[in-house]
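Given next are the chains, with one letter for each unit.
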Amino acid sequence: METKIGFLKFLIYFNILFCFHCHENKAEDPIPKANKGFLDLRNYSLNNDSIIPLAGEWKFYWKEFIPPEENNNEKNQKFIFKQSPSVWNDTNFYGEKIGSFGYASYQLNIQLAPNSESLAIYVPDLGTAYKLFVNGEEVSKAGIISVTKEFSKPQYLPQTVILPKSDRLNIVIHISNYQNLWGGYWYPIELGKAENIIRNKQFELLFSITISATAGVMACYNLLLYAFRRKELSPLLFAIHCLCILLRTLTTGERFGHIFFPDLSWEFLNRLEYLSIFISVPILYEFLYHFSPNQFWKRFGHYFNFPIYLMCLFIIFTPNFVYAKILNPILVYCFLVLIPCWMFLLVIGITKKKQGAWVLFLGYFGLMATNVNDILLTFGLIQSVYLIPFGQFFIIVSQSILVSKQFSNSFTKSENLTLQLKSLVTSTQRILSSSNITNAISVTLDILRNYNYQNKLTSILLYDQAQEHWNLYCLQENERLKVTQVESVFEIHSQIVDFTAMSEIQFIGENLYIPIYQNEKPNLILDVPSKPFKQKDTDVDWIKGIAYALSLSLLNIQRQNREKLAIIGELSSEIAHDISHHIIILQNIIKNFNDKDDHDSHTKAVKEIESLTNLTLDILEFSKNKIILDLQELNMNDYFLNIKEDLKLFFENTNIKLEFSIQTDLTMKFDPLRIRRVFLNIAKNALEAMNGNGLFKISIEVESNSLYMIFRDEGPGFTEEIKKSFYHSEIVSNKSMGNGFGLSIVRKIIHAHNGQIFLDSNENHGARITIILPIG
């Protein structure tokens, strides 16, 4: 980028030196001028690279189309000697003050050196239709000349004409003008060696084509940039400015627009020429403001541009002789007010080190310098060459560099943001995976210290709601977390800071404080060094992301702690329920003891006591997330008959009808106490689901070397939420055929036997549990 800026400086310096060089050459080697209608070039060699303008005193015939022959004095036409090139407006012709419209003839005799090489002339725009004769022969024309407006037709058509070999040239020009405010021989006809004239015009033609192509390509390119990124206005402004340059190039200089589009009216193309100049002015200044914003132009810019807006309206809705009258006052306003104003604003931008201010200044200076040069040259105040194409080239190059630099910075920023986003995602994952508050804070401090703050002290302030005070956390050199209780109001760098009242990010001394709110009060504040944030706003966003991640992690840890407490409470309730059904059985056994003292009741009591002992083991195993089985090989028919008797005793004094079907007499290995617990847990939940009334069915059968245990009830059935919780190993509080801690134990016992358990039901139509255990 520095290379491009240096290159632009070189072009502008070269242009200035070139202008001075041109002026010095003109002063040292003055170009001969016509005197009283005669130009003597006998002592001026045209065989070198010199090209001279046909300027000086021409014979001027108002309202006469004189014969093109040299000897026409016998007709005694009235004429005056008029300095040309210049417009004929306000010329005093024998007491008549000439206005804008009319027709006239210009005549100039040129005496050449003997044996001059082949010569040529370049004929620019003449206002606004003409015929040109050399030694009585018509050599070029543009439009249709006429003594009346009805038959005249204006046209701009620059031409190069090869002259006949002769030592004397008689040039006669017939000009008519009924459309433009300015009429006459405007711009100088250039005379020189034919190859020099052709070569110079080819260079100007090539340069104009280059400017047109460059402006067109840059306009299309920046329109595409704007189409893909509409939030950024600079490409659109640059595209419009390039289109204005393209239109100006087509309607001035070599007049490509008049040549390529002959069906378009002269009036329309002339309006485009003026509009391309004045529309580009506010567009250019909006572009400059976009890169070098300032409060002055934001507040007063539209007022400064108002005369330009007014000029554009005049160009669109009024004829040429109207809007051309206010052209000069508007130009004076631009060069005395707008141009110096923005020069001053850009200089201020440079002093404030605003990005791109130097590039804007150099491009703007180059454009304005070439405009001033061409205006002074047009009014004949200086001797130079037309440089506006170079100025257009300068502004395109400077703006292209600026837009390219802006998008390059955007891409770089995008890459940096991508890296920061990846870092933020990784850091957030680390923080959110913390198991407790101390670990979350330690991880956060480690991330902050290793991001941009090596050997810098960072800390975290966390409000303890239970104790109603602030705790200050920081990492010591030994990587241990230090916690210090601090007051909510204390002095930092001679400034009183109240953490409870901190509402936004604050820079205090050399530190940045970022508060995170909870319940409309700050409960977390990050204290980090402020130096990295003075120039990079993206770092502030990154650190805010870390702060929010920590806040979310702390909330998540608090929620998990609350859930753990809720689970503990729920487990306590489930344990009480599980103990209760064993107590029910023991109560029934004790009742039988009172009725009769038999050995069978004693055995059942011992069995229930063993079940209670097994329940305590289950609780321990559940907390350790594992179950250790006591496998025994038992006859399934005998075992399940005992289970049936236990369930009959369990459902005693209820309205539950038990149907127990055993269709196997095989033996297999399993843990008898754990499987009995499965039956009792499912029976207990069925009892609660049916509110003590209904049918409870159990079917035991063998198929394909697997034992099937199928349980059915007439309760409300399983909801989708219960099924989802069961298969995801969660505990829910609703009762419906075995969920909660009881069904969680059932699932663990079955999985410990390498079995499977399935829940199935239609809601409000009963529940079904299927357990499959492998045999062998």
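1. Some words on the layout of surface pockets
Part 1: Volume-wise, the second largest pocket comes out at about 370 Å³.
Part 2: Glu232, Gln406, Phe407, Asn409 and Ser410 are the residues nearest the centre of the second largest pocket, which is lined by 16 residues in total.
Part 3: Elements represented by at least two residues in the lining of the second largest pocket include exactly helix H2 (194-228), helix H5 (266-291) and helix H10 (388-432).
Part 4: Of the residues contributing to the lining of the second largest pocket, the split by class is six nonpolar, six polar and four charged.

2. Here we look at the pattern of salt bridges
Part 1: Per the counting criterion, the structure on display carries 13 salt bridges.
Part 2: Linking Lys63 and Glu96 is a salt bridge whose minimum nitrogen-to-oxygen distance equals 4.0 Å. Here Lys63 is found in the loop between strand S3 (56-62) and strand S4 (80-84), whereas its partner Glu96 is found in strand S7 (residues 96-97), with 33 residues between them in sequence.
Part 3: According to the relative accessible area criterion, Lys63 is partly exposed, its value standing at 42%.

3. So, the nonpolar core
Part 1: With 55 residues, the main nonpolar core has Phe278, Tyr285, Trp297, Trp342 and Tyr364 as its most contacted residues.
Part 2: Secondary-structure elements contributing two or more residues to this core are H2, helix H3 (234-251), H5, helix H6 (295-317), helix H8 (327-351), helix H9 (357-378) and H10.
Part 3: Considering each element in turn, this core owes the most residues, 11 residues, to H8.
Part 4: Among all residues touching Tyr364, those that are not within four sequence positions of it are Leu284, Tyr285, Leu288, Leu338, Ile339, Trp342, Met343, Leu346 and Ile395.

4. Overview of H8
Part 1: Under the 1.5 Å per step criterion, the end-to-end length of H8 is 35 Å for 25 residues, consistent within 8% with the ideal 36 Å.
Part 2: Along its length, H8 reaches its greatest deviation from straightness, about 40 degrees, at Cys334.
Part 3: Those residues of H8 that sit buried are Leu327, Ile330, Cys334, Leu338, Ile339, Cys341, Trp342, Met343, Leu345, Leu346, Gly349 and Ile350.
Part 4: Directly beyond the C-terminal end of H8, a positive phi value near 60 degrees is found at Lys353.

5. Describing the pairing of strand S22 (residues 511-518)
Part 1: Summarising burial for S22: six of the eight residues are buried, a large majority.
Part 2: Pairing between strand S21 (residues 506-508) and S22: three bridges, direction antiparallel. Counterpart to Phe507 in the pairing with S22 is Leu512.
Part 3: Counting the residues in the hairpin turn of S22 and strand S23 (residues 521-529) gives two residues, including Asn519, whose phi is positive at 55 degrees.

6. Re H3
Part 1: Look at H3: 26 Å from first C-alpha to last across 18 residues, which is about the 26 Å you get at 1.5 Å a residue.
Part 2: With respect to burial, H3 is a largely interior element, 13 of its 18 residues being buried.
Part 3: After H3 finishes, the residue Gly253 shows a positive phi value of roughly 65 degrees.

7. Thoughts on the sheet that holds strand S25 (residues 655-663)
The strands making up a sheet associate through hydrogen bonds between their backbones, and the pairing can be parallel or antiparallel.
Part 1: With respect to topology, five strands assemble into an open sheet ordered S25-S27-S28-S30-S29, the strand pairing being mixed. Of all the strands in the sheet, the pair left with one neighbour each is S25 and strand S29 (756-761). Within the sheet, the average angular offset between the axes of one strand and its neighbour, ignoring direction, is 15 degrees.
Part 2: Direction of pairing for strand S28 (residues 706-712) relative to strand S30 (residues 767-774): antiparallel, over a ladder of seven bridges. Directly across from Tyr708, in S30, lies its bridge partner Ile772.

8. Brief notes about unusual backbone geometry
Part 1: For the bond from Ser84 to Pro85, the omega torsion is 10 degrees, close enough to zero to count as cis.
Part 2: Within the secondary structure, Pro85 sits in the loop between S4 and strand S5 (86-87).
Part 3: Between Gly127 and the following residue, Thr128, the backbone shows a cis peptide bond with an omega angle of -5 degrees.
Part 4: Summarising the element assignment, Thr128 is placed in the loop between strand S9 (119-123) and strand S10 (129-134).
Part 5: In the Ramachandran plot, Lys36 falls in the positive-phi region, its phi being about 55 degrees despite a non-glycine side chain.
Part 6: In this fold, Lys36 is placed in the loop between helix H1 (2-28) and strand S1 (38-41).
Part 7: Overall, Lys36 belongs to the exposed group, its relative accessible area being 52%.
Part 8: Despite not being glycine, Lys63 has its phi angle at roughly 55 degrees, a positive value.

Calculation notes
Residues numbered from 1 in each chain as written. Predicted model: local features only at pLDDT ≥ 70, side-chain atom pairs only at ≥ 80, totals over all residues. Heavy atoms only, no water. 1 Å grid on protein atoms, 1.4 Å probe; cavity = no way out; pocket = protein on both sides within 12 Å on 5 of 7 lines; lining within 4 Å. Points joined across faces, edges and corners; volume = space filled by probe spheres on them. Helix = DSSP H or I, 4+ residues; strand = E, 2+ residues; numbered from the N terminus. Nonpolar A, V, L, I, M, F, W, Y, C, P; charged D, E, K, R; others polar. Salt bridge = Lys/Arg side-chain N within 4 Å of Asp/Glu carboxyl O. Buried < 20%, exposed > 50% of the residue type's maximum accessible area, 1.4 Å probe, protein only. Core = buried A, V, L, I, M, F, W, Y, C linked by side-chain atoms within 4.5 Å. Contact = heavy atoms within 4.5 Å. Expected span 1.5 Å × (residues − 1). Bend = angle between axes of the 7 residues up to and from the residue. Pairing = 2+ DSSP bridges. Axes fitted to C-alpha atoms, helices over the stretch in contact; angles between N-to-C directions.

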